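If you want the building blocks of each chain, they are given just below.
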Amino acid sequence: MGQMKGKASIEFEHPPVIISAGSVVGKKEGEGPLGSLFDEVELDDMFGMDNWEQAESTMQKKTADLVIEKGGIRKGDLRYLFAGDLLGQLIATSFGTVDLEIPLFGLYGACSTMGEALGLGAMAVNAGYADQVMSMASSHFATAEKQFRFPLAYGNQRPPSATWTVTGCGAVVLAGNRKDGMARIAGITTGRMVDMGAKDSMNMGAAMAPAAFHTIEQNLEDFQVNETWYDKIITGDLGAVGREILLDLLAQKKIDIGSFHTDCGLEIFDNEAQGTGSGGSGCGCAAVTMCAHFLPMLRRGELKRILFVPTGALLS
C-alpha cells in the first residue's frame with residue numbers, strides 16, 4: 001500500500017534498473033538527426049522479407065537479439081517479455097518473438113506501447129515476480145499506413161498536421177537488485193484515455209495532447225512536485241501540432257515546461273528536410289528515441305531525472 005502515490009502513480013520500493021537497450025531503424029530514420037545513434041540502420045525497409053509484416057517481425061527479432069547480446073544476458077534468464085506493435089492481433093510481435101521462447105505479454109497501447117511495456121515490466125520486477133524482463137515495441141511505416149490510412153500506391157497527399165510512422169524497434173532489459181545500468185525507473189504514472197472528439201486520423205497530435213496534459217498534471221500532483229523537478233519532460237509523438245496544444249493546456253494551469261520539454265516525434269526527423277509533416281509517430285518512435293538518445297544521456301549524467309510520456313491515439 002505504501003508504494004501507491006495519489007490517484008494513478010506508483011513509487012517503487014525496489015526500483016528496477018535498465019541494464020541494456022537496443023534500437024533498429026529503417027533508412028529514413030537513419031538519415032534523420034539521430035541517425036548515428038541507432039545500433040542498426042537497415043537500408044532495406046523490407047528487411048530481406050517478402051512483405052511488410054514479415055519485415056516488422058524480422059526487425060523485432062533483430063532488436064531482441066541485439067539487446068540480449070549488448071547486455072551479456074542469457075536468453076533463458078529473461079522471465080517475461082512485454083511487447084507490442086500497431087498491427088491486428090499483434091502479428092509483428094507474435095511472429096517476430098516466437099523463437100525467443102520467452103513468456104509473452106502482448107500489449108496494445110497504440111503509439112504509447114513502449115510506455116506500457118516499461119510500466120508493466122517495472123511493476124513485475126519491483127514486486128519480485130521476475131528478476132529480468134524485456135520491454136519492446138515496434139512500428140513500420142508501410143504496415144501502419146496500410147492498416148490505418150491509405151495503401152502506399154494510392155499516393156495520397158498528406159496535410160501538414162500528419163505525422164510519419166517511424167520504422168523502428170526499441171527494446172530494453174529491466175533487472176532487479178542492481179546498482180549498475182543505464183537508469184532506474186523510480187516510479188510510474190498511468191495515463192487515462194481522454195476523448196475530446198478529435199476524429200482526424202491525419203492530426204494525431206491534436207487527439208493525443210489532452211491525454212499527455214492530464215498524465216503530466218497527474219504525475220506532478222501524485223508525487224507532490226512541480227515541473228522543474230525534472231531535467232526534461234519527453235512526450236512520445238505529439239509532433240509540432242500536438243506539442244503546441246500541450247504547452248497551451250499546461251499554461252492554463254500555470255505549468256511551464258517549454259524550455260525543457262521535447263517530443264520524440266520532433267527529435268527523430270528533420271521535418272522540413274525530410275518531408276515528415278508534423279513529426280514522427282508509431283510505437284517505434286518513442287521506443288527508439290528513448291533507447292538510442294535519452295537513455296545514453298542519463299547514463300552519461302547529462303540528465304539526472306526525466307519524465308517519459310509516450311502518447312497514443314486509438315483510431316477506429
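Everything below is about the structure shown above.
Owing to the predicted nature of the structure, the values given are computational and were not obtained by experimental measurement. (Residues numbered from 1 in each chain as written. Predicted model: local features only at pLDDT ≥ 70, side-chain atom pairs only at ≥ 80, totals over all residues. Heavy atoms only, no water.)

**A look at the sheet that holds strand β2 (residues 9-11)**
- Strand order across the open sheet formed by 3 strands is β1-β2-β11, with antiparallel pairing between neighbours. Both outer strands of the open sheet, β1 (4-5) and β11 (187-189), are each paired with one neighbouring strand and no more. (Pairing = 2+ DSSP bridges. Helix = DSSP H or I, 4+ residues; strand = E, 2+ residues; numbered from the N terminus.)

**A closer look at helix α7 (residues 239-252)**
- For α7, spanning 14 residues, the distance from its first C-alpha to its last is 20 Å, which sits close to the expected 20 Å at 1.5 Å a residue.
- The first or second residue beyond α7 is K254, which carries a positive phi of 60 degrees. (Expected span 1.5 Å × (residues − 1).)

**Digging into unusual backbone geometry**
- With a phi angle near 55 degrees, A110 is a residue other than glycine that sits in the positive phi range.
- Within the secondary structure, A110 is located in the loop between β6 (104-107) and α4 (113-126).
- Positive phi values are uncommon outside glycine, yet N177 reaches one of about 55 degrees.
- By the element assignment, N177 lies in the loop between β9 (168-175) and β10 (183-184).

**Here we look at empty space enclosed by the protein**
- All told, the structure shown has 1 cavity of 30 Å³ or more when counted by the stated rule.
- Estimates place the volume of the largest cavity at around 100 Å³.
- What lines the largest cavity is a set of 13 residues, and nearest its centre among them are L86, C111, F148, M204 and L315.
- Within the lining of the largest cavity, the residues separate by chemical class into 9 nonpolar, 3 polar and 1 charged. (1 Å grid on protein atoms, 1.4 Å probe; cavity = no way out; pocket = protein on both sides within 12 Å on 5 of 7 lines; lining within 4 Å. Points joined across faces, edges and corners; volume = space filled by probe spheres on them. Nonpolar A, V, L, I, M, F, W, Y, C, P; charged D, E, K, R; others polar.)

**Observations regarding the side chain of T289**
- Take T289: it is sitting in helix α10 (residues 283-299).
- A distance of 2.8 Å separates a polar atom in the side chain of T289 from the backbone oxygen of C285.
- Excluding residues that lie within four positions of it along the chain, T289 makes contacts with L34, C264, E267, I268 and F294. (Polar contact = N/O pair within 3.5 Å; in protein donor to acceptor, adjacent residues only side chain to side chain. Contact = heavy atoms within 4.5 Å.)

**Let's talk about the pattern of salt bridges**
- For the coordinates displayed, the defined rule picks out 11 salt bridges.
- The partner of K5 in a salt bridge is E11, with the nearest N and O atoms 3.6 Å apart.
- For K5, a relative accessible area of 25% gives the class partly exposed.
- Across the salt bridge formed by E302 and R300, the nearest N and O atoms sit 2.5 Å from each other.
- Overall, the relative accessible area of 48% leaves E302 in the partly exposed class.
- Look at R300 and you get exposed, because its relative accessible area is 52%. (Salt bridge = Lys/Arg side-chain N within 4 Å of Asp/Glu carboxyl O. Buried < 20%, exposed > 50% of the residue type's maximum accessible area, 1.4 Å probe, protein only.)

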